[in-house]
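Secondary and tertiary structure notes
Listed here are the chains, written in short residue letters.
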Amino acid sequence: MSSNLADRVLVLRDEVLAIADVGDTDPPGAEIFDAIVSTIAAREDTNPGLDMALHEAISRRLAWGERAEMVLANAAAVCQRLLLACKRAFRNPDHEILVIDIASEVMCTAARIVAQASVSQAGRERAAYLREELSQRRLRQALERQREEFDRLQELVDKSR
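Read on for an overview of the structure. Going along each chain's sequence as written, the residues are numbered from 1 onward. Local features are withheld for residues below a pLDDT of 70 in this predicted model, meaning they are given only at 70 or higher, and side-chain atom pairs are given and counted only at 80 or more; totals for whole chains, interfaces and linings count all residues. Only hydrogens and water are set aside; all other atoms, that is, all heavy atoms of the structure, feed into the side-chain values.

Another point: a negative patch on the surface. A cluster of acidic residues, Glu148, Asp151, Glu155 and Asp158, forms a negative patch at the surface. Strands here are runs of E lasting at least two residues and helices are runs of H or I lasting at least four, both read from the DSSP assignment and numbered beginning at the N terminus. Position of Asp158 among the secondary structure elements: in helix H7 (residues 93–160). Patches here: salt-bridge-free residues with over 30% relative accessible area, like charges joined within 9 Å, nonpolar side chains (Val, Leu, Ile, Met, Phe, Trp, Tyr) joined within 5 Å. To be clear on the numbers: accessible area is Shrake-Rupley with a 1.4 Å probe, and residue cover counts the displayed protein chains and nothing else. Basic side-chain nitrogens of Lys or Arg form a salt bridge, by our definition, when they fall within 4 Å of a carboxyl oxygen of Asp or Glu. The charge count includes Lys and Arg as positive and Asp and Glu as negative, but it does not include His or the ends of the chains. The atom standing in for a charge is NZ when the residue is Lys, CZ when it is Arg, CG when it is Asp and CD when it is Glu.

Here it is, written out as structure tokens:
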């Protein structure tokens, strides 16, 4: 049943990803849709877990400088369009509920991935800030020592005159 349902959800791909709006480029949120379809297809496995492709795709988007808010907004838009398309396309409420359940699971996983990446980024930024602060403190100390040395040498020159 799951592979059949996955095929039926896959038919909705162009509508859900709003392909007409983006043309030939990869539509935003395609990784979310693909994770939903692969989770539906693997639903009969004992514990399939989510595809690492979702983690890699989201990490790649964040690494290329896309903002976390945009990644989550794209994921939410895909889920919203998927739920509307499923409501229209599926007659069996059990199938619709299964898709909603899986979509929420994938969305939560995507949010967790983004949150972990954001916390990691914040830690790196904090460490960089602390390194910069330490460098600035050392530079101020070196400049102060140079001023003291310059004043001492200036005093010696003044005394020798």
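Now for the nonpolar core. Counting residues in hydrophobic clusters, the biggest one holds 32 residues, and the most contacted among them are Val9, Ile32, Ile36 and Leu82. Residue assignment for this core shows that the elements contributing at least two residues are helix H1 (2–10), helix H4 (30–41), helix H5 (52–63), helix H6 (68–89) and H7. Nonpolar cores were defined as sets of buried Ala, Val, Leu, Ile, Met, Phe, Trp, Tyr and Cys residues, with membership established by side-chain atoms within 4.5 Å. Only protein chains enter the accessibility calculation, which uses a 1.4 Å probe; a residue whose area is less than 20% of its type maximum is buried, one above 50% is exposed, and one in between is partly exposed.

By the definition in use, this model includes six salt bridges. With a closest N to O distance of 3.9 Å, Glu133 and Arg137 form a salt bridge. Of this pair, Glu133 and Arg137 are both found in helix H7, four residues apart, which corresponds to roughly one turn of the helix. For Glu133, a relative accessible area of 31% gives the class partly exposed. Through salt bridges with shared partners, a single network forms among Glu31, Arg61 and Glu66.

Now for the packing of H4 against H5. A pair of packed helices is captured by two measures, namely the crossing angle of their axes and the spacing between those axes. Running from N to C, H4 and H5 point in directions that differ by 175 degrees, and their axes come no closer than 9 Å. Comparing the axis directions of H4 and H5 gives the class roughly antiparallel. Of H5, the residues touching H4 (which contributes Glu31, Ile32 and Ala35) are Leu54, Ala57, Ile58 and Arg61. For the contact of H4 with H5, the residue count by class is five nonpolar, no polar and two charged. Here an axis means a line fitted to C-alpha atoms, over the contact stretch when the element is a helix, while the angle between two N-to-C directions is reported on a 0 to 180 degree scale. Geometric relationships in this document are graded by angle, where less than 35 degrees denotes roughly parallel, more than 145 denotes roughly antiparallel, 65 to 115 denotes roughly perpendicular, and other angles denote oblique. Contacts between residues were defined by any pair of non-hydrogen atoms, one from each residue, lying within 4.5 Å. Under the scheme applied here, ten amino acids are nonpolar (Ala, Val, Leu, Ile, Met, Phe, Trp, Tyr, Cys and Pro), four are charged (Asp, Glu, Lys and Arg), and all others, including Gly, are polar.

Coordinates in, geometry out; function isn't part of it.
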